[in-house]
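Given next are the chains, with one letter for each unit.
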Amino acid sequence: MSYELFHVDAFTEHAFAGNPAAVCFCPEARGAEWMAKVAREMNLSETAFLTPREDGFALRWFTPAIEVPLCGHATLASAHVLWETGRLAAGEVARFHTASGLLTAERRGDWIEMDFPAMPPVEVPSAPPLLLQAIGAPARFIGRKQGDYFVELESEAAVRALAPDLAQLLAVPARAAIVTARAEPGPYDFVSRFFAPGAGVNEDPVTGAAHCVLAPYWGALLGKEEMVAYQASPRGGVVRVRLVGERVKLIGQAVTVLAGRLLV
């Protein structure tokens, strides 16, 4: 027996950029222990597991270390593969049943638009000293959402130059740190990076779920409902966002790099 397995670069229009994800189609439900082993074998920031349902697909996401409740780039990769393999017609909506509720995706020309919850950060009165030491740059704002710290820095240059102490960051009682700043004048509204050593991912190349936090924060500061973001990791990637009430539309592109079969 074997399962179809795809390697997809998400939030990019070019191969070998953006954020790589593995997408595994499972005809029947598999246990979390098996999924975790496959994710460790793939050794990508996320592996997505899709199981057909009458009204869509069950979707779960695993890093090499843990299962996560929400992942944007592996959802984008999953939707991309559904249309690319003909499992969904071009005009069909992809419906994913997840630990974070129903998520949907639609094709918009060369782009895919996903519907995710908006999760604005809540300011914290004081941050753990280790967090600030680990980041090593002055913070303008520190907040928290769903176990992640959210840190605004002074400038785009500060975000791009960041070289956090990952050992110290691992000691902070949090899953990850989202670090962001307003972009310099140009094509982007804001930039970010995402460090999650506690989840087995030192730096995630392009983090869709982080933009559920970033979009409402920057939307309020900039007075905008539609923005273009850049995640300034070494691989880099573009995320377009649109605020709709308590939801965020995450819009990106994806490229299949490899297709094969996982021997079960």
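Residues numbered from 1 in each chain as written. Predicted model: local features only at pLDDT ≥ 70, side-chain atom pairs only at ≥ 80, totals over all residues. Heavy atoms only, no water.

**What about the pattern of salt bridges?**
Pairs can form between side chains of opposite charge whenever their charged atoms are close. The cut-off we apply is this: Salt bridges are defined as contacts in which a side-chain nitrogen from Lys or Arg sits within 4 Å of a carboxyl oxygen from Asp or Glu. Per the convention used, a helix needs a DSSP run of H or I reaching at least four residues, while a strand needs a run of E reaching at least two, with both numbered from the N terminus. Burial classification: accessible surface area is computed with a 1.4 Å probe over protein chains only, and a residue below 20% of its type maximum counts as buried, one above 50% as exposed, and the rest as partly exposed.
Applying the stated criterion to the full structure yields 15 salt bridges. Residue D115 pairs with K249 through a salt bridge whose shortest N-O separation is 3.1 Å. Highlighted residues: D115 in strand β8 (residues 111–117) and K249 in strand β17 (residues 247–252), separated in sequence by 134 residues. A relative accessible area of 13% means that D115 is categorised as buried. When the shortest N-O distance is used, the salt bridge between R193 and E203 registers 2.8 Å. One end of the pair, R193, is in strand β13 (residues 190–196); the other, E203, is in strand β14 (residues 201–204), with ten residues separating them in the sequence. Taking the relative accessible area as the measure of exposure, R193 reaches 7% and is therefore buried. For E203, a relative accessible area of 22% puts it in the partly exposed group. A cluster of three or more residues bridged by salt bridges with shared partners is formed by E106, R108, E113 and R242.

**Side note on the nonpolar core**
Inclusion rule: Remark: nonpolar core denotes a set of buried residues (Ala, Val, Leu, Ile, Met, Phe, Trp, Tyr, Cys) joined through side-chain atoms within 4.5 Å.
Counting 56 residues, the largest nonpolar core has W61 and F96 as the members making the most contacts within it. The dominant element in this core, judged by the number of residues it contributes, is helix α2 (residues 72–84), at seven residues. Of all hydrophobic cores here, the second largest spans 22 residues; its members include A134, I135, I142 and Y230.

**Quick look at the pairing of strand β12 (residues 176–182)**
The criterion, for reference: Two strands make a pair as long as DSSP finds a minimum of two bridges between them.
Extensive coverage of β12 is indicated by the burial of six of its seven residues. Alignment of strand β11 (residues 148–153) against β12, held across five bridges, turns out to be parallel. For E152, the partnering residue across the bridge sits in β12 and is T180. Alignment of β12 against β13, held across six bridges, turns out to be antiparallel. Considered in β13, the bridge of R182 is made with F190.

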